[in-house]
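One letter stands for each residue in the lines below.
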Amino acid sequence: MARRIIKYSNRRLYDAAQARTITLIELSDLVARGEDVTVERKGSGEDITAVTLLQSVLERLKRSPVESVAPAVLERLLAAARSALLPAGELESLTRSV
């Protein structure tokens, strides 16, 4: 069963398993350790896992030198986001919000 993360309207993430708030960096650490996670919007229960994981990638990139990530990896990530993960226009709004 996936670990349930709840995203509040104020952008806070709540880890139901640990009964505490977590950061986007902590979320990416969970995934890097192999944890299955599901992120849902508080109130509606909408599954926003893909968008939130992309935000966690962007947050990590902001905190580390971009040179450490191969441009080809970022290009594939963006292509996948455009074609499979996000509705039209949502990727653009995601990059503005981080």
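Residues numbered from 1 in each chain as written. Predicted model: local features only at pLDDT ≥ 70, side-chain atom pairs only at ≥ 80, totals over all residues. Heavy atoms only, no water.

### Here we look at helix α2 (residues 49-63)
(1) Moving on: The end-to-end C-alpha separation of α2 is 21 Å, in line with the 21 Å expected for 15 residues at 1.5 Å each.
(2) Moving on: Taken residue by residue, α2 has Thr-49, Val-51, Thr-52, Leu-54, Gln-55, Ser-56, Glu-59 and Leu-61 as its buried positions. (Helix = DSSP H or I, 4+ residues; strand = E, 2+ residues; numbered from the N terminus. Expected span 1.5 Å × (residues − 1). Buried < 20%, exposed > 50% of the residue type's maximum accessible area, 1.4 Å probe, protein only.)

### Remarks on the pairing of strand β1 (residues 3-7)
Residues in a regular strand point their side chains to alternate faces of the sheet.
(1) Moving on: β1 sits mainly inside the fold: four of its five residues count as buried.
(2) Moving on: Where β1 lies against strand β4 (residues 37-41), five bridges are found, and the strand directions are parallel. Following the sheet pairing, Ile-5 is matched in β4 by Val-39.
(3) Moving on: Where β1 meets strand β2 (residues 13-15), three bridges bridge the pair, whose relative direction is antiparallel. In the sheet register, Lys-7 faces β2, and the bridge partner there is Leu-13.
(4) Moving on: Joining the antiparallel neighbours β1 and β2 is a turn of five residues, in which Arg-11 adopts a positive phi near 75 degrees. (Pairing = 2+ DSSP bridges.)

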